[in-house]
Amino acid sequence: MHRQLSADISWSRVLDRGPALDVYHLTAHECRRLLTEGEASSEELTRLFLNRIAGADRQVQAFLHVAEEEALAQARVADAKSPEERRPWEGVPIALKDALCTKGMETTCGSRILKGYIPPYDGTVVRLLRDAGLVILGKLNMDEFAMGSSTENSAYQVTRNPWDLDRVPGGSSGGSAAAVAAAETPWSLGSDTGGSIRQPASLCGVVGMKPTYGAVSRWGLIAYASSLDQIGPLARTVQDAAALLSLIAVRDPLDQTSLGLPRPLRVPGIVQEGVSADALAGQERSASAVPTPAPDDPLSLKGIRFGYIKEYLGDICEPGVQRAFANNLETIESLGGTCVEVSLPSVKQAVAAYCIIAQAECSANLARFDGVRYGYRATDAADLLEMYTRTRGEGFGAEVKRRIVIGTYVLSSGHYDTHYTQAQRMRTVIIRDFQQAFSGVDLLMSPTSPTVAFRLGERMADPLAMYLSDLCTSPVNLAGLPGLSMPGGFADGLPVGLQIIGPHFSEQLMLDAAYAVEQALNVSVRPAPVAGGAVDGAAAADAEVTP
Amino acid sequence: MISREEVEHMARLARLRLEETEVESLQDELSRVMEYVGCLRELDLAGVPVTVNAVNVSNIFRPDDEGPCLSREEVFANAPAVERGHFLVPRIG
């Protein structure tokens, strides 16, 4: 029996109206509906999630910082407006990975070296969310500097998987995934360098999307590997993920690699009329005025060609993952999609190329943490050099040091060509393989992670085993492609993720397809933990661990 | 096998003080990781161009205009040590 949270919390008591509803049903779209129809105020919703955090997060440990006062103040601003004045998502709560700079709110990136750092500016995505009127509940735990696949590399706390508290939530956006899975927030933002949104989304049973490289501005995202990093949404439904991406996918002059999306995103499955018309939030910011037309039947996959990646079949994935994936293929075919096997021979070497490129870039990016301008500084250093080396030696954790040393090694004289240049060439080969694959299919599919959530501590002693957690996801970053993970089923009671990969800027097609699959599978709204039903009474806000 | 001296050299280049035990474990871990990524060295990729950025954009310029920027107070607010409008550091060299 897994250790689980009880699914509890009667929010009728909090809202003091209507029938008891399960907190898990409070998707961002449902929050928005309650606000629009006057059934709840933003303050009530915000308090509800703050209460949920106060109860459940003692076990889950997803939040590094809860911004209670700021959140309530923001909620009251939203509530003071008339429904006509209010922007579409104004008053809906959200939480952010701690890699995103939030003006006036501590931002540590999970590292001791940034303890107490208060950014003087908002990252672009944070500014966009504030402009849209969202209520920021707080900052979420992560592997230090986004380096890891379990969130165990955080300098502050160990986040637990809401499906089984003895297991990891994945990483590096483990706090972002666990908080959504535990209904401590309707949705969140994470960042993905080699799978850091998709793998934790998979392990926690939520939807997570890494957009095309350049779709979202990286300004104010504390950099890990700049040619791979991309910010993206985590949510409990495909619709929520689509809506959140539409809010942040904007071309930004502050990030020269940012392009935005060629067309505004349409939220799948929502008829574009009446109240739902402004589901197109962010439309005014896009290059083109209109989204691609909706499919005639949002529940059908007719005419879409899917390729399942041969190299990820078989023993590479554990049996439960293989079974769930096979079941997903059947579902796709039953919806009218065609599935063919596609080979991507280079993915076998992709993790190696990823290791070299990501760690080379990290060693350069983390040079800025020198104890001069911000963050931790070692005391009583005799001179500047000693201050640098001790600040960094004491401020960085073991995995960060490991990656800086590896990155320095592959960039150093004598190793640059054999390792770094070779990895960059391999990157071209991987891109060509994907291009070849997309000449025959519209979308690619694979399991997101070869395994379900592993036990806490299980891979900490073996860096290579941890790096292989990103086996199915890191090639996507190397090619700059969009990748999405959605709940595909369960194995031994733990979530299994289905990964969908598309060509550059095919986010709309991916989300439309994911929506159809989601509706057919009907697993997204299944609450973690499994125990259902609202528990009455105010004390229910305190989640209990069941044996 | 990566030598102890190589690990120490990398740490010096990266301005990273390592404890004795860290040098030992890094020697072992770095060796294993480099052995794993060694599979790339055997591939014949001569003539394949390198990729720096998978979504090619180039020459993204902006007008060279003055704009708002952070105040000195905001910039210095996070600094460990400041004196008379400068970042203060220990003796250099």
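See the structure above.
Remember, it's a predicted structure, so these values are computed and weren't measured experimentally.

Draft legend 1. Looking closely at the overall build of chain B. Counting secondary structure elements, chain B contains three helices and two strands. The secondary structure elements of chain B, listed N-terminal to C-terminal, are α-α-α-β-β. Overall, chain B is about 55 × 45 × 20 Å in size when its C-alpha atoms are taken along their principal axes. Sorting the 93 residues of chain B into buried and exposed places 32% on the buried side.

Draft legend 2. A look at helix 8 (residues 238–248) of chain A. Most of helix 8 of chain A is tucked away, with 11 of its 11 residues classed as buried. Listed as buried for helix 8 of chain A are A:Val238, A:Gln239, A:Asp240, A:Ala241, A:Ala242, A:Ala243, A:Leu244, A:Leu245, A:Ser246, A:Leu247 and A:Ile248.

Draft legend 3. Local environment of the packing of aromatic side chains. In the structure shown here, the tally under the stated rule is 11 aromatic pairs over all chains. The interplanar angle of 55° and the centroid separation of 5.6 Å between the aromatic rings of A:Tyr117 and A:Tyr374 together place this pair among those described as tilted. In this pair, A:Tyr117 is assigned in the loop between strand 3 (93–97) and helix 5 (124–131) and A:Tyr374 in the loop between helix 10 (347–365) and helix 11 (384–395), connecting sequence segments 257 residues apart. There is no split in this pair, since A:Tyr117 and A:Tyr374 are both buried. With a centroid separation of 4.9 Å and an interplanar angle of 70°, the aromatic rings of B:Phe76 and B:Phe87 are classed as edge-to-face. With a gap of 11 residues between them, B:Phe76 in helix 3 (residues 72–76) and B:Phe87 in strand 2 (residues 86–87) connect regions that are remote in the sequence. Accessibility expressed as a relative area gives 30% for B:Phe87, which makes it partly exposed. Taken together, the aromatic side chains of A:Tyr117, A:Phe145, A:Phe369, A:Tyr374 and A:Phe396 make up a single cluster linked through ring pairs. The ring of A:Trp89 has A:Arg32 lying over it, and the distance from NZ or CZ to the ring centre is 4.5 Å. Over the face of the ring belonging to A:Tyr376 we find A:Arg112, whose NZ or CZ atom lies 4.7 Å from the ring centre.

Draft legend 4. Broad picture of the pairing of strand 11 (residues 483–491) of chain A. Residue and element names in this part refer to chain A. Taken across its nine residues, strand 11 has eight buried, putting it largely inside the fold. The pairing of strand 6 (residues 207–210) with strand 11 spans three bridges and is antiparallel. By the bridge assignment for strand 11, Met 209 is matched with Leu 484. Linkage of strand 11 to strand 12 (residues 494–501), two consecutive antiparallel strands, is achieved through a turn of two residues, within which Asp 492 is found at a positive phi near 50°.

Draft legend 5. Quick peek at unusual backbone geometry. With an omega of 10°, the peptide bond between A:Gly171 and A:Ser172 qualifies as cis. Within the secondary structure, A:Ser172 is located in the loop between strand 4 (135–140) and helix 6 (174–181). Positive phi, normally seen in glycine, also occurs at A:Ala183, with a value near 60°. Within the secondary structure, A:Ala183 is located in the loop between helix 6 and strand 5 (187–192). Positive phi, close to 45°, is recorded for B:Arg84, a residue that is not glycine. With respect to the helices, strands and loops of the structure, B:Arg84 is situated in the loop between strand 1 (82–83) and strand 2.

Analysis parameters
- Residues numbered from 1 in each chain as written.
- Chains lettered and ligands numbered in written order.
- Predicted model: local features only at pLDDT ≥ 70, side-chain atom pairs only at ≥ 80, totals over all residues.
- Heavy atoms only, no water.
- Helix = DSSP H or I, 4+ residues; strand = E, 2+ residues; numbered from the N terminus.
- Buried < 20%, exposed > 50% of the residue type's maximum accessible area, 1.4 Å probe, protein only.
- Phe/Tyr/Trp six-rings, centres within 6.5 Å; stacked < 30°, edge-to-face > 60°.
- Lys NZ or Arg CZ within 6 Å of the ring centre and 35° of its normal.
- Pairing = 2+ DSSP bridges.

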